[in-house]
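So you can see what is in the structure, the chains are spelled out below.
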Amino acid sequence: MPDRLIRFGLPVLGVALLLLAWHLYVVVFDVPLVVLPRPGLVWDSLLKNWRLLVEEGWITLLESFYGFLLAFVLGVPLAVAISSSRVLNLMFYPLLIATQSLPKVALAPLILIWLGIGIESKLAIAWLVAFFPIVVDTATGLRNTPAEYLDLATSVRANGWQTFWKIRLPAALPFVISGSKVAITLAVIGAVIGEFIGSNQGLGNLMLVANSQVNVPLAYAALVGLAAIGIGLYAAVVLVEVALKPWFGEAGHT
Amino acid sequence: MISALAADDAASGARAFGVFDQVAKTFPAAARGAEPVVALESVSYELKQGELVSLLGPSGCGKTTLLRIAAGLTRASSGHVVIRGREVQGPQEDFGFVFQSPNLLPWRTVLNNVLFPMEIAGRNDERARARAMELLDLVGLGGFAKSRPHQLSGGMKQRVALCRALVPGPSLLLMDEPFGALDELTRMEMQDLLLHIRRVSGTTVVFVTHSIAEAVYLADEVLVFSRRPGRVIDRIRTDLAYPRKPELRYTAAFTELERRAGAGLGVVHAG
Ligand SMILES: Nc1ncnc2c1ncn2[C@@H]1O[C@H](COP(=O)(O)OP(=O)(O)OP(=O)(O)O)[C@@H](O)[C@H]1O
Ligand SMILES: [Mg+2]
C-alpha cells in the first residue's frame, strides 16, 4: 500500500506543485493573459470547449496513429530485408543512418506541396518521422540475435527460413517495441507539424486559430489535448510491451 | 572418403562408435598483430558405443571447441571426427547438444522448448508430444510443461535443456559443462539423473566438465586435457561399476581416481 501510494501519489503531487507554481507566478508577477493564462482559465476553457477539442483531437490522433501504423507496416519488412541481405544492407543501411540525422521536418513544406492540406500530408509527415526509429531498431534487433540461439538453431539443423521465424524475429521483438515507443511519440509531433504548416483541422490547427484570435486559454487547452494524445498513444505501446513480458521473461534472455 | 570409411566400418563390424582423428583447431588472430589462438593440438580418441567419456581440463583448454567440432558446429582446422562411419561436417540428426547455459527460448513454454528440435525436423506430432511429456515427467518437471523459462530455477532450466536434447532420441549426446552453474546438491542430483537416462536410453555421451569429482563419478573414461593448447595428457578408465551411488564418492578407489586426475591437471603431485 505505501509503495502504491508513492508510485501514484508522487507523480500527482509533482503535477500539483507545478500547477501551483504556475498559478502563483501568474498572480504574483501579474503576468498578462496573452503571455500566460492562469491554470484555472485553461481548465475553464477545457470544460467549455471539450466537444471541439475532442473532435479536433480525434483527427490529430488518427493522423498520428495511421502515420505510425504505416511506418510500422513498411518499416519492419524493410528492416527484415536489409538485415537478411548483405547487398541490401550495404546499399541502404548507411543511407538510412544518414537520413535519420536529417531534420525531416524541413521536408514538411515540400510534402504539403505534393499532397495538399488534407489528411494525406499529415500522414506522410507522421510516417516519415516514425519510420526510421522502427527500421533502425528492428534491424538492430535482427542482427543482434544471441549467438547461443543461433547455435541452437544450427544444432537442430534449422534452415534459414525456420531460423528467421522461430529465432531471429521473436528475439528481435523487444527491439521492435522499443523502436515503436520512440516512433509513436515522433508520429504525434509529425502530425502536429503538418497541421501547423497547412491544414484546416486538427489540434495543431486549432492552436493556430486560437492564437490568431488571441484566445490564449484555448491555445493552452489544445496543448493539453496534444499531451493527452501523446501520452495515450505511448501508453498503448507500453501496454503491448507489458502484455509481451511473460513472453520474454524478466531479462528477455536465458 | 566417407563411403570408404563406411565400408571399412561395415567390414570390421561394430568397432568404434566414433573416432577423433588428430583433431586440431587454431582460431585466426582476433586483431592485426595478435597471435592466432591454438585452441586444440591434435586430439585423437576412439569413442565406443554406449560409452560415457568426460573431457576434463582447465578453463580455456579447448573443451568446448572439441565438443563443438564433434557436434558439427565448428570446423576443425585439421584432422576429423567420424561418428558411426560418417565424417562430421555439420550437425547430424541423431546428435543432442546441451549447452553451457540452458539456452532456452524465453518466449516458448517449457513443453515447446523441449519440442523445438521436433518442430524443426517437421516431426512435431502426437508421438513427439507424448515423448516430450514423458521426458519432462522423468526429470520431475511434468507439472511445469506450460511454464515459461523465467519461472524456473537454474537447475530446472538445465533439466529442460536436457529433455530438449533427448527428445529426438539421439544416439550421441554432447554436453558442455551442463551442470557447471548449479549448486552442489542440485548438481549431484543431475548427475544421477543423467546416469539414469543414459542407462535407459543407451546413448553415447561426451561430457565436458572442469570438476574432477564430476568427471570421475560419471565416466567410463576420463580424458584429462593440458592447458591451452589442449592435448590429452592422461586417459583414465574408471572401471567403477554402474549404477553408481553417491556413497561411491567416499571410497578409496574413487579418491585414487580423483588424485590421478588431479595429478594430470597439476593440482596435486603425482606419486
Ligand atoms: N570463436 C572463437 N574465436 C577465437 N578464439 C576462440 C573462439 N572460441 C574459443 N576461442 C579460444 O579458444 C580457446 C579454447 O576455448 P574453449 O571455449 O574451447 O575453452 P574451454 O575449455 O571450453 O573453457 P571453459 O572451461 O572456460 O569453458 C580459448 O583460449 C578461447 O579464447
Ligand atoms: Mg567451455
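No experiment lies behind these values; they were computed from the predicted model shown. (Residues numbered from 1 in each chain as written. Chains lettered and ligands numbered in written order. Predicted model: local features only at pLDDT ≥ 70, side-chain atom pairs only at ≥ 80, totals over all residues. Heavy atoms only, no water.)

Undergrad: Just give me the short version of the site of ligand 1, but keep the residues and values in it.
TA: All names here are of chain B. Around ligand 1 sit 15 residues, and of these Ser59, Gly60, Lys63, Thr64 and Thr65 come closest. At 2.9 Å, a side-chain N or O of glutamate 177 approaches an oxygen atom of ligand 1. Separating an oxygen atom of ligand 1 from a side-chain N or O atom of arginine 228 is a distance of 2.8 Å. In isolation ligand 1 offers 630 Å² of accessible surface; the protein chains occlude 65% of this area. For the shell around ligand 1, the secondary-structure elements that each account for two or more residues are strand E2 (37-47) and helix H2 (63-71). The leading source of residues in the shell around ligand 1 is H2, at three residues. Of the residues that constitute the shell around ligand 1, the class distribution is five nonpolar, seven polar and three charged. (Near = heavy atom within 4 Å. Polar contact = N/O pair within 3.5 Å; in protein donor to acceptor, adjacent residues only side chain to side chain. Areas by Shrake-Rupley, 256 points an atom, 1.4 Å probe, with all protein chains shown as cover. Helix = DSSP H or I, 4+ residues; strand = E, 2+ residues; numbered from the N terminus. Nonpolar A, V, L, I, M, F, W, Y, C, P; charged D, E, K, R; others polar.)

Undergrad: Summarise empty space enclosed by the protein; cite the residues concerned and give the values.
TA: Summed over the entire model, instances satisfying the criterion amount to two cavities of 30 Å³ or more. By volume, the largest cavity is sized at about 50 Å³. Considering the residues around the largest cavity, the lining is formed by Phe20(B), Val43(B), Tyr45(B), Leu47(B), Val53(B), Leu55(B), Leu66(B), Val206(B) and Leu223(B). Among the elements of the structure, E2 and strand E3 (52-56) of chain B are those that each provide at least two residues to the lining of the largest cavity. In terms of residue count, E2(B) provides more of the lining of the largest cavity than any other element does, three residues in total. Its residues assigned to classes, the lining of the largest cavity shows nine nonpolar, no polar and no charged. Counted as a void, the second largest cavity has a volume near 40 Å³. In terms of lining residues, the second largest cavity is bounded by Ser155(A), Ala71(B), Leu73(B), Pro91(B), Phe95(B), Gly96(B), Phe97(B) and Leu174(B). The element best represented in the lining of the second largest cavity is strand E6 (residues 95-98) of chain B, accounting for three residues. Tallied by class, residues from the lining of the second largest cavity come to six nonpolar, two polar and no charged. (1 Å grid on protein atoms, 1.4 Å probe; cavity = no way out; pocket = protein on both sides within 12 Å on 5 of 7 lines; lining within 4 Å. Points joined across faces, edges and corners; volume = space filled by probe spheres on them.)

Undergrad: Which residues make up the sheet that holds E6(B), and what are the values?
TA: Residues and elements named next belong to chain B. Spatial ordering of the open sheet is given by E6-E7-E8-E3-E9-E10, a layout of six strands whose pairing is mixed. At either margin of the open sheet sits one strand with a lone partner, and together these are E6 and strand E10 (232-237). Along the sheet, successive strands turn relative to each other by an average axial angle of 15 degrees, direction set aside. Of the strands in this sheet, E3, strand E9 (221-225) and E10 are in contact with helix H9 (residues 252-265), which crosses E10 at around 175 degrees. (Pairing = 2+ DSSP bridges. Axes fitted to C-alpha atoms, helices over the stretch in contact; angles between N-to-C directions. Contact = heavy atoms within 4.5 Å.)

Undergrad: I'd like a description of the pattern of salt bridges, backed by residues and values.
TA: All names here are of chain B. What the rule picks out here adds up to 15 salt bridges over all chains. Across the pair arginine 187 and glutamate 214 runs a salt bridge, and its minimum N-O distance is 3.1 Å. Taken together, the positions of arginine 187 in helix H7 (residues 184-201) and glutamate 214 in helix H8 (residues 212-218) put the pair 27 residues apart, joining distant regions of the chain. Here arginine 187 and glutamate 214 have matching classes, each one buried. Of the charged contacts, one joins glutamate 221 and arginine 237 as a salt bridge, the two residues approaching to 2.4 Å between their closest N and O atoms. Placement of glutamate 221 in strand E9 and of arginine 237 in strand E10 is noted, with a sequence separation of 16 residues between them. (Salt bridge = Lys/Arg side-chain N within 4 Å of Asp/Glu carboxyl O. Buried < 20%, exposed > 50% of the residue type's maximum accessible area, 1.4 Å probe, protein only.)

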